[in-house]
Amino acid sequence: IDGYVHVTEVLNFFQHFTPKQKKAGREALRIGTRVDELCHQDWSETGYKLKKSDKAEVKNCMEAWERWKKDYSSIYKAISGMQITQRFDDWKVQGTLDIESTGFVIDIKTSKKVSLFYWLQVAAYNRQKRHPFLAILRLDKYTGDYYFDVQEDTTEYLVSVFQGLLSAYYYLRKDKL
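### Some thoughts on the overall build of the chain
Each helix and strand in the chain was counted, giving six helices and six strands. From first element to last, N terminus to C terminus, the chain shows the α and β order β-α-α-α-α-β-β-β-α-β-β-α. For the chain, the proportion of its 177 residues judged to be buried stands at 44%. Here the analysis covers contacts within the chain between residues at least 6 apart in sequence; of these, 63% occur between residues at least 24 apart. Total accessible area on the chain is roughly 10000 Å²; 52% of this is exposed by carbon and sulfur atoms. Here the chain carries 28 positive and 24 negative side-chain charges, and the mean point of each set is 7 Å from the other.

Quick look at the structure:
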């Protein structure tokens, strides 16, 4: 959009997915997008409403969300924004930050595991925010449990890694951009 690429587009460029993984990824994206929408609705409208058409995976993620909110109520209550679109003009990159809370930038995931690429993504989102803590909140779509992992003071290093990948991405894609 307007010459900007998404943070996830850059990161996905360096991952090699089989056709089966790509298909599973499209379904995971649909689930993740719906879960992001419901979590944002819960925070901004004091509640959310599941649809009859919502799959069991979405319902399980929302059960995990409820557990996380209870266990980390101080972080939840300190949320100042969700689904925040960011543009980095100097990088020509954009992305959507899932949760900003006092001291935290948190990315919500519904994947089976936490990828190292997720940390690069959340660090890129924290580049302008400068919070001391990066976090991944993985909502398990099969068990209804959550996994909350926090890293402290890693933004600068992870941003430098992302910048290296971004430079390589632009170099390798220069004929297509």
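Resuming the write-up.
### With respect to the pairing of strand S4 (residues 104-109)
The element S4 is extensively covered by neighbouring structure, given that six of its six residues are classed as buried. Along S4, one buried face is formed by Phe104, Ile106 and Ile108 and the opposite face, lined by Val105, Asp107 and Lys109, is buried too. For strand S3 (residues 93-101) and S4, the ladder comprises three bridges, and the chain directions are antiparallel. Bridge pairing links Ser101 to Phe104 in S4. Hairpin connection from S3 to S4: two residues lie between these consecutive antiparallel strands, with Gly103 at a positive phi of about 85°. Of the pairings in the sheet, the one linking S4 to strand S5 (residues 133-139) comprises six bridges and is parallel in character. Paired with Asp107 across the bridge in S5 is Ile136.

### A few points about the packing of aromatic side chains
Under the counting rule described, the total for this entry stands at 13 aromatic pairs. Between Trp65 and Tyr76, the aromatic rings sit 5.8 Å apart at their centres with planes inclined by 80°, giving edge-to-face as the arrangement. Within this pair, whereas Trp65 is found in helix H3 (residues 56-71), its partner Tyr76 is found in helix H4 (residues 73-77), the two being separated by eleven residues in sequence. With respect to burial, Trp65 and Tyr76 carry one shared label: buried. The ring of Tyr76 has Lys69 lying over it, and the distance from NZ or CZ to the ring centre is 5.1 Å. Directly above the ring of Tyr4 sits Arg87, whose terminal nitrogen or CZ lies 3.7 Å from the centroid.

### Describing the environment of Asn60
Along the chain, Asn60 turns up in helix H3. Note: C-alpha distance between Asn60 and Val159 (99 residues apart in sequence) is 32 Å. Those residues in contact with Asn60, other than ones at most four positions away along the chain, are Asp140, Lys141, Tyr142, Thr143 and Gly144. In this structure the side chain of Asn60 is engaged in a polar contact, spanning 3.4 Å, whose partner is the backbone oxygen of Tyr142.

### Description of the layout of surface pockets
Looking at the largest pocket, its volume works out to about 1700 Å³. Elements represented by at least two residues in the lining of the largest pocket include exactly helix H1 (7-13), helix H2 (19-45), S3, S4 and helix H5 (116-126). For the lining of the largest pocket, the leading source of residues is H2, giving 14 residues. Each residue belonging to the lining of the largest pocket can be placed in one class, and the counts come to 13 nonpolar, 16 polar and twelve charged.

What counts as what
- Residues numbered from 1 in each chain as written.
- Predicted model: local features only at pLDDT ≥ 70, side-chain atom pairs only at ≥ 80, totals over all residues.
- Heavy atoms only, no water.
- Helix = DSSP H or I, 4+ residues; strand = E, 2+ residues; numbered from the N terminus.
- Buried < 20%, exposed > 50% of the residue type's maximum accessible area, 1.4 Å probe, protein only.
- Contact = heavy atoms within 4.5 Å.
- Areas by Shrake-Rupley, 256 points an atom, 1.4 Å probe, with all protein chains shown as cover.
- Lys, Arg positive; Asp, Glu negative; His and termini not counted.
- Charge placed at Lys NZ, Arg CZ, Asp CG, Glu CD.
- Pairing = 2+ DSSP bridges.
- Phe/Tyr/Trp six-rings, centres within 6.5 Å; stacked < 30°, edge-to-face > 60°.
- Lys NZ or Arg CZ within 6 Å of the ring centre and 35° of its normal.
- Polar contact = N/O pair within 3.5 Å; in protein donor to acceptor, adjacent residues only side chain to side chain.
- 1 Å grid on protein atoms, 1.4 Å probe; cavity = no way out; pocket = protein on both sides within 12 Å on 5 of 7 lines; lining within 4 Å.
- Points joined across faces, edges and corners; volume = space filled by probe spheres on them.
- Nonpolar A, V, L, I, M, F, W, Y, C, P; charged D, E, K, R; others polar.

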